[in-house]
Amino acid sequence: MSPHQNKGAPVPFVTLPLPGPHLTRAGVASDAVLNVLVIDDTPEDRLAVRLALEVGGFALEEATDAKQGLKLARSSTLDCILLDDVLPDAKGLEVLESLRQPDGTLPCAVVMLTGAGTLDVATAAMKAGALDYLIKDRLDADMLRRAIGNAVRQFRLIEAQRVAERRNAQLAAIVAACDDAIISVGTDFVVQTWNAGAQRLFGYGEAEARGRRLSALIVPDVYEAESVAIHTTVVSGGTVLKEILRRHKDGRLVPVEINTSPILDSSGKVTGTSIIYRDISERRRAEEVRRALADSEARFQVTFENAPVGMAHVAPDGRWLRVNEALCRILGYAPDELTAKSFQDVTYSDDIAASVARVDQMRDGKIDRYDADKRYLRKDGTIVWARLTVSCVRKSDGSIDYLVTVVEDISARKYDEEELSKSEERFRSSLVHSPLPVLMYDDREQILAVSQSWLEKTGYSREELRRLEDWTSRAYGERSGEVLEYIRRIISTEPKAQPTELIVHTKDGRERLWNFVASALGTQSDGRRLFVSMAHDATEQKAHEEQIRLLMREVSHRAKNMLSLVQAIARQTAAREPEDFIGRFTERIQALAANQDLLVRNKWQGVDTEDLVRAQLAPFADLIGSRIAVHGPKLRLNAAAAQAVGLALHELATNAGKYGALSTDAGRVDVGWRIGGDIFAMSWTERDGPPVRPPERRGFGSTVIDSMAKRTVSGEVELDYAPSGLEWRLTCPAANALERQ
C-alpha cells in the first residue's frame with residue numbers, strides 16, 4: 001500500500017443499523033452504536049472502511065495522520081480504532097504506544113491494518129496490545145465488521161477483568177489497613193478470614209482465629225442467643241446493623257458496632273457471612289462527654305438565669321454580652337437595654353477609673369480575678385452599692401475572651417454599716433457620760449472609750465490612757481504584767497462576763513479597791529472585736545472586814561447580773577433597733593433603774609406589785625384611775641421577778657403609748673394581778689385603741705415581753721394581737737415570782 005497525503009477534515013457519519021442485535025459497551029445484546037476511528041492516510045482505504053461500516057450499527061470518524069488521530073482519540077469516546085501500520089508522520093506501532101493511558105492500558109480496542117507480507121508488524125502490534133489485525137488486500141466488509149465486534153467484545157472482557165482485579169486489590173488493601181475488624185465466616189460460623197483490625201480489636205492473631213467458631217472467640221455467653229439470631233438472619237439473606245458488646249482475648253468487654261451481610265456465590269447462594277466490627281468505645285466516651293457537656297451547659301444556663309445574684313459575661317472592652325434577670329433587676333434595665341451598653345455606662349463616675357484599671361491589669365496578664373465594692377447607677381438615676389467578683393476566661397493565646405462578673409446588691413448592708421457606725425458612736429458617747437466607771441477596748445488593746453467617772457475616780461487624763469498597757473502600768477504597779485495577761489486572756493477567750501477584784505493606784509497615790517466585770521460586746525463594723533470593763537469602787541465597804549466580805553460578794557453578784565442585763569439590752573437594741581439606739585437604750589435603762597430604785601428602797605427584800613406597776617406607768621400617771629385601771633391584791637414580787645416584770649411592763653407601756661390604746665384619746669388599759677392556789681397571774685389588756693395587728697419583725701421589746709419574763713419566773717406568757725387590743729398574760733408558780741414571807 002502506497003501512502004497518500006490527505007489533509008482534508010474527517011467526515012464522521014452514522015449508518016443505518018444492521019438488522020438484529022448489536023453489542024453494547026458491556027457486551028450485552030443491544031441496538032447501541034459502536035464508535036470507530038480509522039487512522040489511515042490512503043483515501044481509498046478510508047473509503048473502503050466507510051462503505052463496509054455504512055450498513056449500520058457504527059459511527060465512524062476518520063484521521064489522515066498520527067497527529068490528527070491521536071487528537072481525535074483523546075477527545076472522543078471510542079469503542080475501536082482501526083490503525084494503519086504506516087502513516088506519514090509515524091509508524092503504527094509508535095501511534096499505538098502514544099495511545100496508552102497513564103496506567104499503561106489502551107483507551108479502547110485497537111485493530112491494526114497492515115499490508116501483505118507484514119506478518120512481523122502484525123505480531124508486534126498484537127504483543128503491544130492490539131486485539132486483531134487485518135490485511136488490507138484481503139479485507140472485505142463482513143470481515144471488518146466481525147473484527148471490530150470481536151475486538152470490542154474482547155476489550156470489554158479484558159477491561160472488566162482488569163477492573164475486578166483492581167477492585168479486589170483495593171479491597172484487599174482496605175481490609176488489611178482498615179482499623180475496623182473485618183471477618184468472614186462460613187455458614188457453620190467458623191472463621192475464614194481475620195484481618196489486622198480484628199487482631200487489634202480482639203487480641204487474637206489470624207492463625208489463632210482461623211478455623212475456630214466465632215462464638216468461642218469473642219461472643220460473651222449472655223450474647224450467645226443474640227449472636228445466633230444475627231447469624232441466622234444473615235444466612236437467610238438479610239443484613240444486621242446494631243451496637244453490641246464483644247469479648248477481648250483478655251476477657252474485657254468491648255462496645256462495637258456490628259455490620260453483617262451475606263456472602264453470595266455466582267448463583268446467588270449464601271456461602272458465608274461478612275462481619276465488620278467497629279470499636280465504638282471512643283464514640284461512647286465522646287457521647288458521654290457530649291451528654292455531660294450538654295448537662296453542664298443546661299445546669300449552667302439554669303444557674304445563670306435563676307441565680308439570686310447578678311451574673312454577666314462582659315467583653316474585654318466592657319460591653320455586656322450576656323446578663324441574667326437578677327442583674328437586670330439590680331440595675332433597672334431590660335436585658336436588651338443592658339446588652340446595648342458597657343459596664344462603664346452604668347458605673348458611678350467616681351468608680352469608673354478603678355474598674356477600668358483592674359480590667360487593664362487582667363489584659364496585661366497581671367491578675368485573673370478581683371473582688372471589689374463599687375457603685376452602679378440604676379436606670380432611674382439612683383445609686384446601688386454592689387459587691388463585685390470578676391474573673392477572666394482566656395483564649396489559647398492568653399488574651400481575654402470574656403469576663404465573668406458576679407454582682408451582689410449590698411446597698412442594704414452598706415446602709416446598715418453606716419447606721420451601725422453612727423450607733424456605735426452614740427454608744428461611745430453614752431458610755432463616756434455614764435455615772436459608772438466604764439472602759440471599752442478592742443482586741444488590739446486600744447482603749448476606745450473611757451467614762452468621765454473612771455477618769456475622775458483615778459485622776460488620770462484621757463491622753464494618758466490610750467492603750468491597755470497605759471492603764472495597767474499606772475494602776476497596778478508591780479502587778480501590771482500579771483493584770484495585762486489577765487486582760488489578754490479575756491480577749492482571747494471572750495467570756496460572757498469575767499469579774500475580778502483589784503487594788504487600783506490613783507494618780508495622787510491612793511489605793512482603791514475596785515470590783516471589775518469584763519465582757520465581750522461583739523464585733524465593730526470595721527472587724528475589730530469590742531470588750532467592756534465596768535468597775536465599782538468598794539473601798540469604803542472594807543470598814544468592817546466581815547461586812548465588807550459579805551457586801552463584796554453581793555455587789556459582785558449584782559454587778560455581774562446588772563452588766564449582763566445592760567449588755568444584753570445594749571446588744572439587742574443595737575442589733576435589732578439600730579435606727580433609734582440611744583432613745584430606746586435610754587428608756588430601757590431608765591425602766592431598769594426604776595426597778596432598781598424600788599428594790600433599793602426595800603433593801604432588796606422585794607417590791608410591792610402595785611408600786612412596780614405605777615413606777616413603770618409613771619409617764620401616764622394622770623391616766624391611772626380614768627383610762628388606766630390598776631387592780632390586784634397586795635403582793636410582793638422578789639427581786640428577779642420585779643426586774644423582769646418591770647421591764648415587760650415598760651415595753652408594754654411604751655408600745656401602748658406609741659401604737660396602742662394610749663396613743664389615742666379613747667383607748668383604755670387594764671393591768672391586774674391575782675394569786676390562785678400556787679399560781680401567780682398577771683395581765684395587761686388594751687381596749688378601744690387603734691386596730692392591732694402582729695408586728696412584721698420580732699424586736700428586743702418582744703423578747704423582753706415574752707421570753708425574758710417567761711424564763712425569769714419559769715412560767716408561761718400568752719401574747720394575743722387581737723384586733724380589738726393587745727392582751728398579755730403571765731402565769732407562773734407563785735414561789736418563783738413572790739417574795740417569801
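Just so it is clear, the structure is predicted and the values come from calculations on it, not from any experiment.

(A) A look at the packing of aromatic side chains. Evaluation of the coordinates by the stated rule reveals 11 aromatic pairs. With a centroid separation of 5.8 Å and 90° between ring planes, the pair formed by W471 and Y476 is classed as edge-to-face. Residue class for Y476 comes out buried when judged on its relative accessible area of 5%. Through successive ring pairs, a cluster of aromatic residues spans W454, Y460, W471, Y476, W514 and F516.

(B) Here's a closer look at the packing of helix α20 (residues 609-616) against helix α21 (residues 639-658). Contact geometry for α20 and α21: axes closest at 9 Å, N-to-C directions at 35°. Crossing handedness for the pair α20 and α21: right-handed. Together, L612, V613 and Q616 of α20 and A642, V645, G646, L649, H650 and A653 of α21 make up the contact between the two elements. Class assignment of the residues belonging to the contact of α20 with α21 gives a composition of 6 nonpolar, 3 polar and no charged.

(C) Local environment of the sheet that holds strand β20 (residues 447-450). The strand order across the open sheet formed by 5 strands is β20-β19-β23-β22-β21, and the pairing between neighbours is antiparallel. Two strands bound the open sheet, and with one partner strand each, they are β20 and β21 (498-505). Here the strands of the sheet are splayed against their neighbours by 25° on average, with no regard to which way each runs. In the sheet, strand β19 (residues 438-442) pairs with strand β23 (residues 529-537) via 5 bridges, with the strands oriented antiparallel. Bridge assignment links M440 to a residue of β23, and that residue is V532. Relative to β21, helix α16 (residues 468-475) is tilted by about 55°, and along the sheet it contacts β19, β20, β21 and β22 (511-523). Relative to β21, helix α17 (residues 480-493) is tilted by about 155°, and along the sheet it contacts β19, β21, β22 and β23.

(D) How the structure looks around the sheet that holds strand β16 (residues 369-377). In spatial order, the strands read β15-β14-β18-β17-β16; together these 5 strands make up an open sheet with antiparallel pairing. Two strands lie at the open edges of the sheet, namely β15 (320-323) and β16, each paired on one side alone. Each neighbouring strand pair of the sheet contributes to a mean axis angle of 30°, computed without reference to strand direction. Pairing between β16 and strand β17 (residues 383-394): 9 bridges, direction antiparallel. Looking across to β17, one finds that D373 is bridged to R387.

Reading guide: rules and limits
- Residues numbered from 1 in each chain as written.
- Predicted model: local features only at pLDDT ≥ 70, side-chain atom pairs only at ≥ 80, totals over all residues.
- Heavy atoms only, no water.
- Phe/Tyr/Trp six-rings, centres within 6.5 Å; stacked < 30°, edge-to-face > 60°.
- Buried < 20%, exposed > 50% of the residue type's maximum accessible area, 1.4 Å probe, protein only.
- Axes fitted to C-alpha atoms, helices over the stretch in contact; angles between N-to-C directions.
- Helix = DSSP H or I, 4+ residues; strand = E, 2+ residues; numbered from the N terminus.
- Left-handed = near helix turned anticlockwise from the far one by under 90°.
- Contact = heavy atoms within 4.5 Å.
- Nonpolar A, V, L, I, M, F, W, Y, C, P; charged D, E, K, R; others polar.
- Pairing = 2+ DSSP bridges.

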